[in-house]
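Listed here are the chains, written in short residue letters.
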Amino acid sequence: MTPVIASTISVSIIFLATILGSGLVFFFNKNFSSKLNDVVIGLASGIMVAAAFFGLLVPSMEESEVQFGDFSILVVVGGFILGGLILFLMDKLIPHFHKVSNQEEGLRNTRISQSTKFLFAVTIHNIPEGVAVGLACGLALANPTEAGYMASCLSLAIGIAIQNFPEGAAASIPLLEDGFSKPKSFLLGSFTGIVEPLFAIITIFIAQFVTPVMPILLALAAGAMIYVVMDDLLPRTRTSENTHYWLWAFMIGFAIMMALEILL
């Protein structure tokens, strides 16, 4: 397998998983139960945290050590914090709505419906995942003789695809409660995932020209993904009575991503 084929597969599966997950709307008439919801959140959180560490931060540290030497700590830490800051600014500027907490964020805009703002929230938090896959693929394409980078690209994409499946359902099924038909809920849920391959492709293209700053970008993507977990996923479990369901799902999600890194 070549890095080009690996990149094509990686970009494709992250979107396909969202589409398949959104398709679950045809088999449900209401949202997930609280226990199943906590399992989904825990699994997604574990995978994203592990993906951020193994797929992004570790390569960032390795590359920055080679390129920046004694300044590598500033590159990795600075990029990580910057990634979180960018997501924070997007949260403050783009109107969006969190269904679970019943909270609106971003600039006020009464002309946008809550359903649309909910889709904006899901879409915003899908962007870092697309960028992460794009950077991992870009690193593999820039180093075609290094099999480790290609394996990291594939494992990261597979991990994100696994968590995109329930995430697609979590985007489409709640729309039923807002009066949308199942076909429309499916299309809107699938649409939230299109930003991932879109940003992945854009990032792959850009990565070919910014190889010297790749360690910064990898750390930035990791910071953005951790921010999403802390800002959007963990708050959903604060009032949950199913703490251990979430905890063990997180452990399993992290273990899945770790196993993918070892196997690939």
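To be clear, the structure that these remarks concern was listed above.
Conventions and cut-offs
- Residues numbered from 1 in each chain as written.
- Predicted model: local features only at pLDDT ≥ 70, side-chain atom pairs only at ≥ 80, totals over all residues.
- Heavy atoms only, no water.
- Helix = DSSP H or I, 4+ residues; strand = E, 2+ residues; numbered from the N terminus.
- Buried < 20%, exposed > 50% of the residue type's maximum accessible area, 1.4 Å probe, protein only.
- Contact = heavy atoms within 4.5 Å.
- Areas by Shrake-Rupley, 256 points an atom, 1.4 Å probe, with all protein chains shown as cover.
- Core = buried A, V, L, I, M, F, W, Y, C linked by side-chain atoms within 4.5 Å.
- Expected span 1.5 Å × (residues − 1).
- Arc of directions from axis to C-beta.
- Phe/Tyr/Trp six-rings, centres within 6.5 Å; stacked < 30°, edge-to-face > 60°.
- Axes fitted to C-alpha atoms, helices over the stretch in contact; angles between N-to-C directions.
- Parallel < 35°, antiparallel > 145°, perpendicular 65-115°, else oblique.
- Left-handed = near helix turned anticlockwise from the far one by under 90°.
- Nonpolar A, V, L, I, M, F, W, Y, C, P; charged D, E, K, R; others polar.

The next thing to look at is the overall build of the protein chain. A tally of regular secondary structure across the protein chain gives 11 helices and 2 strands. The helix and strand sequence of the protein chain, counted from the amino end, reads α-α-α-β-β-α-α-α-α-α-α-α-α. Relative to its 264 residues, the protein chain shows a buried fraction of 50%. Long-range pairs, those at least 24 residues apart, make up 81% of the contacts in the protein chain between residues at least 6 apart in sequence. Summed over all atoms, the accessible surface of the protein chain reaches about 12400 Å², with 72% contributed by carbon and sulfur.

What follows covers the nonpolar core. By size, the foremost hydrophobic cluster in this structure holds 52 residues, and its most contacted members are Leu56, Leu156 and Met225. Residue assignment for this core shows that the elements contributing at least two residues are helix H1 (3-22), helix H2 (34-68), helix H3 (72-93), helix H5 (127-142), helix H6 (147-172), helix H9 (195-207), helix H10 (214-233) and helix H11 (243-263). Formed by 5 residues, the second largest nonpolar core is a distinct cluster that contains Ala169, Ile173, Leu176 and Phe186.

The subject of this paragraph is H11. Taking 1.5 Å of rise per residue, 21 residues should cover 30 Å, and H11 covers 30 Å from first to last C-alpha, within 8% of that figure. Within H11 the residues assigned to the buried category are Trp246, Ala249, Phe250, Gly253, Met257 and Leu260. Buried residues along H11 cover an arc of 105° about the axis, so they all sit on one side. Seen from the buried face of H11, the exposed residues on the opposite side, beyond 90 degrees, are His244, Trp248, Ile262 and Leu263.

The description of an aromatic ring pair uses the distance of the two centres, along with the angle that the planes make with each other. Applying the stated criterion across every chain yields a total of 5 aromatic pairs. Look at Phe54 and Phe254: their rings are 5.8 Å apart centre to centre, the planes differ by 65°, and that puts the pair in the edge-to-face class. Within this pair, whereas Phe54 is found in helix H2, its partner Phe254 is found in helix H11, the two being separated by 200 residues in sequence. Ring-pair connections join several aromatic residues into one group, and the members of that group are Phe53, Phe54 and Phe254.

Turning next to the packing of H6 against H11. In contact at an axis separation of 9 Å, H6 and H11 are set at 155° when each is read in the N-to-C sense. Comparing their axes, H11 and H6 come out roughly antiparallel. H11 is crossed by H6, and the crossing has right-handed handedness. Facing H6, whose interface residues are Ser152, Ser155, Leu156, Ile158, Gly159 and Ile162, H11 presents Ile256, Met257, Leu260 and Glu261. Looking at the contact of H6 with H11, its residues break down into 6 nonpolar, 3 polar and 1 charged.

The next thing to look at is H1. Here H1 spans 29 Å end to end across 20 residues, near enough to the 28 Å set by a 1.5 Å rise per residue. What H1 keeps buried is the set Pro3, Ala6, Ser7, Ser10, Val11, Ile14, Ala17, Thr18, Gly21 and Ser22. In the core, the buried residues of H1 are packed alongside H5, H6, helix H8 (182-192) and H9.

On to the packing of H2 against H3, then. The relative placement of two packed helices is expressed as an angle between their axes plus a distance between the axes. One way to put it is that H2 packs onto H3 with a least axis distance of 8 Å and a crossing angle of 145°. Considering the relative orientation of H2 and H3, their crossing is right-handed. Each of Leu57, Ser60, Met61, Ser64, Glu65 and Phe68 in H2 lies in contact with H3, whose residues at this interface are Ser72, Val75, Val76 and Phe80. Of the residues in the contact of H2 with H3, the class split is 6 nonpolar, 3 polar and 1 charged.

The next point concerns the side chain of Thr203. Its place among the elements puts Thr203 in helix H9. Not counting residues within four places of it along the chain, the set of residues in contact with Thr203 comprises Val131, Gly134 and Leu135.

By themselves, these observations are geometric and do not establish any function.
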